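Topology and contacts: notes
In case you want the letters, here they are:
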Amino acid sequence: MNKSKLLKRFRMLSRVMSNRGDITINLTGNRCYTDYNSITLPVGDLENPDYLELLEGAIDHEVGHLRWTDRTWTAKSYEKGAFFNAIRNGIEDIRMERMVCLEWPGAILNLSKMVTQGIKKGWFSKPTDSFPPSLLLQAVVVYYGRYKINDQVQLKEFCEIALALLTDCIGQKPVHDLILLLDTIPALRSNQHSYELTEQIIQLLKKIEFKPGDSQGNDSGDSQGNDSGDSQDSQGNDSGDSQGDDSGDSQGNDSGDSQGDDSGDSQGNDSGDSQGDDSGDSQGDDSGDSQGNDSGDSQGQNSSVSQQVINFVNECLNADESQLMADLHEQVNNELEKMADEVRSSNDMEQLIDLNAPLISKNDRGTVGTAELNLAKRLSTPISRELHKIIYGLDRKSVNFSKQGRTVEANRLAGVKAGNFNVFKSERITKAPTMAISVLVDRSSSMSAVEMNGANTSALAINLAIDKLKGVNSECIYYSAGDLYEAKCFKSTTKAVKDNFRVSSRGGTHTGLSLYSVIRRLSLRVEQKKVVFIITDGQASDLKYLEKSIEMSELLGIQIVCIGINTGMLYGFENQELLNIQTVEELPSILKQVIKNKLIA
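Residues numbered from 1 in each chain as written. Predicted model: local features only at pLDDT ≥ 70, side-chain atom pairs only at ≥ 80, totals over all residues. Heavy atoms only, no water.

Most of strand S10 (residues 529–536) is tucked away, with 8 of its 8 residues classed as buried. Bridge count between strand S7 (residues 435–442) and S10: 7 bridges; the pairing is parallel. Across the sheet, the residue bridging to Ser438 is Val532, located in S10. Pairing geometry for S10 and strand S11 (residues 559–565), over 6 bridges, is parallel. Bridge pairing in S11 links Ile534 to Cys562. (Buried < 20%, exposed > 50% of the residue type's maximum accessible area, 1.4 Å probe, protein only. Helix = DSSP H or I, 4+ residues; strand = E, 2+ residues; numbered from the N terminus. Pairing = 2+ DSSP bridges.)

Structure representation (structure tokens):
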């Protein structure tokens, strides 16, 4: 993989995935999941545009859910059945993504690209008359909302087809009422409102009636073009009349007589019936209806159409997941995981790191070790002083001279006679960059109780010192061969979590994988400069991963400072300068060495 391209892609992703509010985004492993405080997305091919488009769209979509979707109402929605939840979920996705785009306009493009990917992969498909009723109605909700409300114009054709098909099924008036409800989505402010709008849509379905203006020319039991058996009766007949006759007369006959029929019968019909019908019915129908319909229906269509609508509504309400559009969240996650698996199994794709990097936990049952709090407090002041020199020594001052300006440099006036008119002095001072520091502490079983006490006290002292520096934030992570333990996060103060530094030793020494996890977290930080302090006693047990992690840190401009405890060499860090301490009291002088050797530049 080309390193420069990889760096460009990774930096771009870092900007896209930067922390938003209190939400952290992790790019690691080969599985998608969220713990509702953070989002973890799988590592795929960073050169694959499809992967990148899905990844960026997934980030904006999932961040939106974590920020604006109340899970309580999602749980209630599931209890209402598959169809109810599918409609509610479609509405909530539209509402939530609209909120995302209002706050982060750059998300408009990301989400639009995700929809394009969805069309290409068949998650959004063109509606047909073979769609189950539930899928058709869901398609109207999703396509109309995304096209009309969220301006995802690539769904315009699908939206128009879905609306036409739904109108054919349930009539123009119900579809019009449905659109009026969907047009209220921009005013929704919560998942609860999405839930309540879904309830209104369900009630609309249950109350569908045929009224004047409905499709297929039928009105609530009326016949084709007829009103309640009154005016404009079928084929020119009035209330029991037959073709072309008045007052029960038949074709060309008077006084109710018809061709060969008695007492107002027409064409072989009795008692005012027409064409073989009894009791004033026409063509086999009863109660004054015309041409084969009951209760004012015409031509047998209204009865069947009404039943068609009843069946349509019942099929919607009783639909299972197989008759509905799959959840977009699940579709995207499954596709990203598939892409990650393909990359992992590829023989020609060099991976940055093992995809099963350790996770980070805030709880640790091993906090039964020792740390010297008073010593750490005492050392934090000289350590802070040395760190201050390092960090604020990064201030830059540049001096330029020109022919114009406000300040004259007297020492240069003598050169005017020689033609040097650049006597005006200007200074530019660049402030030291903001900085994020991760303190990574070895807690493997090779660390003796004395060494572990020294490591705990050192980590505590460094973090206490950093708390005193403006523009500098720190975290402290302990590692062995299992999951990482977060003793201090970037948001907390060291004083508030000082007891978390009483860590005991156990397990192996997965320095490489642990360093990778820390680098990944640092790369997503907004600070301009990132540094890792590693405190360890010796050899890593995953040297091949350590090599890749160090390479990755160099690509991303993340500096590593190695502090060894009672060791003369750190395997895997041969190209890194080792700063070795025997006791904690040596930390301030060690940090002076950092200044001298310009390890943080």
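The next point concerns the nonpolar core. Ranked by internal contacts, the top residues of the largest apolar core, which has 74 residues, are Leu137, Tyr143, Leu166 and Leu336. Residue contributions to this core peak at 11 residues, all from helix H6 (residues 133–149). Look past the residues within four positions of Tyr143 in its chain and what remains in contact with it is Phe124, Ser125, Pro127, Lys148, Leu155, Phe158, Cys159 and Met325. Ile383, Ile565, Ile581 and Val584 belong to the second largest nonpolar core, which has 44 residues in total. (Core = buried A, V, L, I, M, F, W, Y, C linked by side-chain atoms within 4.5 Å. Contact = heavy atoms within 4.5 Å.)

This part takes up the sheet that holds S10. Ordered in space as S4-S9-S8-S7-S10-S11-S12, the 7 strands form an open sheet in which the pairing is mixed. Looking at which strands have only one partner, the edges of the open sheet turn out to be strand S4 (360–361) and strand S12 (578–581). Pairing geometry for strand S8 (residues 472–479) and strand S9 (residues 484–488), over 3 bridges, is antiparallel. Bridge pairing in S9 links Tyr478 to Tyr485.

This part covers unusual backbone geometry. Glycine aside, residues mostly have negative phi angles, and peptide bonds mostly take the trans form. With a phi angle near 60 degrees, Asp151 is a residue other than glycine that sits in the positive phi range. Given the relative accessible area of 57%, Asp151 is considered exposed.

Another point: the pattern of salt bridges. Counted by the stated rule, this structure contains 11 salt bridges. The salt bridge partner of Asp50 is Lys120, with a shortest N-O separation of 3.2 Å. You can see Asp50 sitting in helix H2 (residues 49–68) and its partner Lys120 sitting in helix H5 (residues 107–120), a full 70 residues away along the chain. Residue classification places Asp50 among the partly exposed positions, given a relative accessible area of 22%. The shortest N-O distance in the salt bridge between Glu486 and Arg521 comes to 2.9 Å. Here Glu486 is found in strand S9, whereas its partner Arg521 is found in helix H14 (residues 511–523), with 35 residues between them in sequence. Exposure remark for Glu486: the relative accessible area of 8% places this residue in the buried category. (Salt bridge = Lys/Arg side-chain N within 4 Å of Asp/Glu carboxyl O.)

Shape descriptors only; they carry no functional weight alone.
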